[in-house]
Amino acid sequence: MASQFLFESTTPSLYIQVLEKVVLVSGIVMGFMELKGIHLKYSKFNQGSSSGVQLSSRTAMLIFYLPSFLIAVFFLFCKLLWVNASILLEKLGLLQISISLQLHQDAGLRFIILATAVALHFLKRVFEVLFIHQYSGGITMSTTVIVSFLYSFSSANLLYAMQISEGLTSPSVDLMPLGLVLFVVGISGNLYHHYLLSGLRKKGEKGYVLPKGGLFEFVVCPHYLFEIIGFLGIAFISQTAFGFCQFSFVFLYLLARSLSTREWYVKKFEGFPSHRKALVPFII
Ligand SMILES: NC(=O)c1ccc[n+]([C@@H]2O[C@H](COP(=O)([O-])OP(=O)(O)OC[C@H]3O[C@@H](n4cnc5c(N)ncnc54)[C@H](OP(=O)(O)O)[C@@H]3O)[C@@H](O)[C@H]2O)c1
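Calculation rules
- Residues numbered from 1 in each chain as written.
- Predicted model: local features only at pLDDT ≥ 70, side-chain atom pairs only at ≥ 80, totals over all residues.
- Heavy atoms only, no water.
- Helix = DSSP H or I, 4+ residues; strand = E, 2+ residues; numbered from the N terminus.
- Rg over C-alpha atoms; globule rule 2.2 N^0.38 Å.
- Contact = heavy atoms within 4.5 Å.
- Core = buried A, V, L, I, M, F, W, Y, C linked by side-chain atoms within 4.5 Å.
- Buried < 20%, exposed > 50% of the residue type's maximum accessible area, 1.4 Å probe, protein only.
- Polar contact = N/O pair within 3.5 Å; in protein donor to acceptor, adjacent residues only side chain to side chain.
- Salt bridge = Lys/Arg side-chain N within 4 Å of Asp/Glu carboxyl O.
- Axes fitted to C-alpha atoms, helices over the stretch in contact; angles between N-to-C directions.
- Parallel < 35°, antiparallel > 145°, perpendicular 65-115°, else oblique.
- Nonpolar A, V, L, I, M, F, W, Y, C, P; charged D, E, K, R; others polar.
- Near = heavy atom within 4 Å.
- Areas by Shrake-Rupley, 256 points an atom, 1.4 Å probe, with all protein chains shown as cover.
- Patch = residues over 30% accessible without salt bridge, like charges linked within 9 Å, V, L, I, M, F, W, Y side chains within 5 Å.

(A) Highlighting the overall build of the chain. If you tally the helices and strands in the chain, you get nine helices and two strands. Ordered by position from N to C terminus, the α and β elements of the chain give α-α-β-α-α-α-β-α-α-α-α. A globule of 284 residues ought to have a C-alpha radius of gyration of about 19 Å, and the chain, at 21 Å, matches this closely. Based on the C-alpha atoms only, the size of the chain along its principal axes is roughly 75 × 40 × 35 Å. Long-range pairs, those at least 24 residues apart, make up 82% of the contacts in the chain with a sequence separation of at least 6.

(B) Expanded view of the nonpolar core. Core analysis: the biggest nonpolar cluster contains 57 residues, and Y42, M61, Y65, L114, F242 and Y253 have the highest contact counts within it. Of all the secondary-structure elements, those providing two or more residues to this core are helix 2 (14–35), helix 3 (57–91), helix 5 (106–131), helix 6 (141–163), helix 7 (176–198), helix 8 (222–238) and helix 9 (241–268). Discounting residues that sit within four places of it in the chain, Y42 has contacts with M61, I139, Y224, Y253 and R257.

(C) Molecular detail of the environment of D174. Its location among the elements puts D174 in the loop between helix 6 and helix 7. D174 sits in the partly exposed class, given a relative accessible area of 45%. Each C-alpha atom, one on D174 and one on F236, is 8.5 Å from the other, the two residues being 62 residues apart in sequence. When near neighbours in sequence (up to four residues on either side) are disregarded, D174 contacts R110 and Q239. Polar contacts involving the side chain of D174 include one to the side chain of R110, which spans 2.8 Å. Of note is the side chain of D174, whose polar atom sits 2.9 Å from the backbone nitrogen of M176.

(D) Up close: the pattern of salt bridges. The full count for this structure, using the stated rule, is five salt bridges. A salt bridge links K79 to E166; the shortest N-O distance between them is 2.3 Å. Of this pair, K79 sits in helix 3 while E166 sits in the loop between helix 6 and helix 7, placing them 87 residues apart in sequence. Residue classification places K79 among the buried residues on the basis of a relative accessible area of 8%. Its salt-bridge partner being R110, residue D174 comes within 2.8 Å of it at the nearest N-O pair. Taken together, the positions of D174 in the loop between helix 6 and helix 7 and R110 in helix 5 put the pair 64 residues apart, joining distant regions of the chain.

(E) Broad picture of the packing of helix 8 against helix 9. Where helix 8 contacts helix 9, the axes come no closer than 8 Å and their chain directions differ by 170 degrees. Considered as vectors, helix 8 and helix 9 are oriented roughly antiparallel to each other. Facing helix 8, whose interface residues are Y224, E227, I228, F231, L232, I234, A235, F236 and S238, helix 9 presents G243, F244, Q246, F247, V250, F251, L254, R257 and S258. Along the lines of polarity and charge, the residues of the contact of helix 8 with helix 9 split into twelve nonpolar, four polar and two charged.

(F) Summary view of the packing of helix 2 against helix 9. It is at 8 Å that the axes of helix 2 and helix 9 come closest, and there the two elements cross at 5 degrees. One finds that helix 2 runs roughly parallel with respect to helix 9. Here I16, L19, E20, V23, L24, S26, G27, I28, M30, G31, E34 and L35 of helix 2 come into contact with helix 9, specifically with A241, F242, C245, Q246, S248, F249, L252, Y253, A256, R257, L259 and S260. Grouping the amino acids of the contact of helix 2 with helix 9 by side-chain chemistry returns 15 nonpolar, six polar and three charged.

(G) Focus on unusual backbone geometry. Although it is not a glycine, S43 sits at a positive phi angle of roughly 55 degrees. Examined against the element boundaries, S43 turns out to sit in the loop between helix 2 and strand 1 (54–56).

(H) Molecular detail of the site of the ligand. The environment of the ligand is made up of 27 residues, and the closest members are S136, H194, Y208, Y224 and E227. In this structure, an oxygen atom belonging to the ligand sits 2.5 Å away from a side-chain N or O atom of Y208. Measuring from an oxygen atom of the ligand, one finds a side-chain N or O atom of H223 at 2.7 Å. Look at the ligand: alone it shows 880 Å² of surface, and the protein chains cover 95% of it. Mapped by element, the contributors of at least two residues to the shell around the ligand are helix 3, helix 7, helix 8 and helix 9.

(I) Inspection of a nonpolar patch on the surface at higher detail. The grouping of Y15, I146, F149, L150, F153 and Y160 at the surface amounts to a nonpolar patch, some 550 Å² of accessible area in total. Here the element with the most residues in the nonpolar patch is helix 6; it accounts for five residues. For Y15, the position within the fold is in helix 2.

Remember, this is a structural readout, not a statement about activity or role.
Printed below as a string of structure tokens:
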């Protein structure tokens, strides 16, 4: 069953196999902590905190995302360099393998598409940090370091897991086209709802108001819903077990954070519309 959808149900690397379990367990633990009120200290869950060294949210979020963008670009650059160098060597008769054949190998092409998608995902984040979001506060240095490390580490390992899938039997069901559609829907919907959030504050304002417009009429965190859709797209593009574990982490964490966020709105805003769910309209 798994071989229909994944490159190989067991990855050839023990390191990646262990990491897949660690990512899954971390998603469960971090989701559980969010539900228990032990939040990652940023945004509305860092209000009024003065503990530790605080960075402005804009600086901290750049540190969150920039390394992952650079990692994805580096992987992409190395792959394209290797492909071009091999084509040249092949033309000169110094390399036996047919590179055109290799490039058409499923995993080789997927690697390029996946690395491009990851780079675009983080480039969009950097763009939003610089030009869209209207932040009100700061983020502790410890949260900044932890989150930046987690993003960089998981992006690098997602691409590594894809790279070592080259040469493995391709899954019989190709989820990449659907993955690309989900990825585009995910990043567009996420961007649109971030734009709506940014319109809630005039320049210099720091308060919180009840969001409106788009899917905010139905859920408190539509931007998280689209983030999850985007990561499902990334998992479908990669069709590696690691890609699906990373998706599970994002889903569990953002599900729990959206439930905490709804609770926060209920407490803060009298007359909060009770039909407004946390993440999925009419359901959760
Ligand atoms: N992949 C993952 O595991 C993961 C995890 C977390 C987040 N994310 C991504 O990061 C994005 C941002 O996440 P986030 O948790 O920072 O979102 P957020 O708490 O909703 O904040 C997003 C922006 O909107 C502002 N904002 C939020 N609620 C507001 C309100 N009621 N009134 C006025 N302004 C408001 C925030 O200002 P303040 O900063 O002043 O609160 C911030 O500038 C998400 O959409 C998601 O794509 C991904």
